[in-house]
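Examining the three-dimensional arrangement
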Amino acid sequence: MLSALGSGNWLFLRLSTAQHRTNTIKASRTFSLTHLSGRKFPEAELTEFCDRSISVSYATDDVAEKAALEALMGSPVCLKTPGGKMVIGILDTLSETESMFYSSYSFAVSQMHYSEEVDLDA
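Residues numbered from 1 in each chain as written. Predicted model: local features only at pLDDT ≥ 70, side-chain atom pairs only at ≥ 80, totals over all residues. Heavy atoms only, no water.

1. Description of the overall build of the protein chain
For clarity, the threshold we go by: Helix and strand assignments follow DSSP, with helices taken as H or I runs no shorter than four residues and strands as E runs no shorter than two, numbered in order from the N terminus. Just to be clear, the radius of gyration here is over C-alpha atoms, and the globule rule we use is 2.2 Å times residues to the power 0.38. Note on contacts: a residue pair is in contact if any heavy atoms of the two residues lie within 4.5 Å. Note on areas: Shrake-Rupley, 1.4 Å probe, and residue coverage restricted to the protein chains presented here.
Looking only at helices and strands, one finds one helix and eight strands in the protein chain. Ordered by position from the N terminus, the helices and strands of the protein chain form the series β-β-β-β-α-β-β-β-β. In terms of C-alpha radius of gyration, the protein chain reaches 19 Å, well past the compact-globule figure of 14 Å for 122 residues. Across its three principal directions, the C-alpha atoms of the protein chain cover 65 × 50 × 25 Å. Sequence separation of 24 or more characterises 54% of the internal contacts of the protein chain that already satisfy a separation of 6 or more. Total accessible area computed for the protein chain in this model is approximately 8,800 Å², and 52% of it derives from carbon and sulfur atoms.

2. Considering the nonpolar core
In summary, soluble globular proteins display a tendency toward joint burial of nonpolar side chains. The condition that has to hold: What makes a nonpolar core is a set of buried Ala, Val, Leu, Ile, Met, Phe, Trp, Tyr and Cys residues whose side-chain atoms join them at distances within 4.5 Å. Per-residue accessibility, obtained with a 1.4 Å probe over protein chains only, is compared with the maximum for each type, and a residue is labelled buried under 20%, exposed over 50%, and partly exposed between these values.
Counting residues in each nonpolar core, the largest one holds 16 residues, and the members touching the most others are Leu2, Leu13, Leu69, Leu79, Leu91 and Phe107. Going through the elements one at a time, β4 (43-60), β5 (76-80) and β8 (103-110) are the ones with two or more residues in this core. With sequence-adjacent residues up to four places away left out, leucine 69 is seen in contact with Leu2, Leu11, Tyr58, Leu91, Leu94, Tyr105 and Phe107.

3. Looking at the sheet that holds strand β1 (residues 2-4)
In sheet architecture, strand pairing relies on hydrogen bonds along the backbone and comes in two forms, parallel and antiparallel. Rule in force here: By this definition, two strands are paired if DSSP reports at least two bridges between them.
Read from one edge to the other, the open sheet built from four strands follows the order β2-β1-β5-β6, with strand pairing classed as antiparallel. The open sheet has two edge strands, β2 (10-11) and β6 (86-90), and neither has a second partner. The pairing of β1 with β5 spans three bridges and is antiparallel. Note on β5: the bridge partner recorded for alanine 4 is valine 77.

4. A word on the side chain of serine 104
On the secondary structure map, serine 104 appears in strand β8. Accessibility expressed as a relative area gives 17% for serine 104, which makes it buried. Those residues in contact with serine 104, other than ones at most four positions away along the chain, are Thr17, Tyr58, Ala59, Ser95, Glu96 and Thr97.

5. Let's talk about the packing of aromatic side chains
Selection criterion: Only the six-membered ring of Trp is used, alongside the rings of Phe and Tyr, when aromatic pairs are assigned; centres must lie within 6.5 Å, and planes under 30 degrees apart are stacked while those over 60 apart are edge-to-face, with the rest tilted.
Applying the stated criterion across every chain yields a total of one aromatic pair. Between tyrosine 58 and tyrosine 105, the ring centres sit 6.4 Å apart and the planes meet at 25°, which makes this aromatic pair stacked. Here tyrosine 58 is found in strand β4, whereas its partner tyrosine 105 is found in strand β8, with 47 residues between them in sequence. Across this residue pair, the class does not change: tyrosine 58 and tyrosine 105 are buried.

6. Observations concerning the sheet that holds strand β7 (residues 95-98)
Applicable threshold: What counts as an axis is a line fitted to C-alpha atoms, over the stretch in contact for a helix, and the angles between N-to-C directions run from 0 to 180 degrees.
As summarised here, the arrangement of the four strands in space is β3-β4-β8-β7, forming an open sheet in which the pairing is antiparallel. Strand pairing shows two members of the sheet lacking a second neighbour, β3 (23-34) and β7, which therefore form its edges. Across the sheet, the axes of successive neighbouring strands diverge by a mean angle of 15°, strand direction being ignored. Pairing between β4 and β8: eight bridges, direction antiparallel. Looking at β8, one finds that tyrosine 58 is bridged to tyrosine 105.

Have a look at this one:
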């Protein structure tokens with residue numbers, strides 16, 4: 001499922017060109033290697049920086065769904081997988097492959113820092 005942040009309108013990414021649609025989840029943690037005198041191999045120092053992204057392949061023949069997906073380009077979005085994984089980031093790249101009966105899309109959303117606020121007075 002994909003939605004522009006704050007809109008509440010979800011685009012359900014139901015179909016794929018494969019028989020069973022898969023999502024690719026990548027996670028990494030940054031570290032630095034330092035070579036010290038007298039040591040054969042470097043020392044590793046973990047940092048607090050992390051990266052996470054979800055890659056999706058999606059297919060549709062619905063013109064309204066195509067327009068809705070393309071309208072999200074460059075916008076902050078929330079992407080959720082059926083397995084419960086979620087990232088909030090910018091939809092910056094969208095690849096489209098057209099065939100005679102449908103269009104297939106692939107894209108990835110990388111997690112960005114996002115502070116969610118709840119207004120108790122609203």
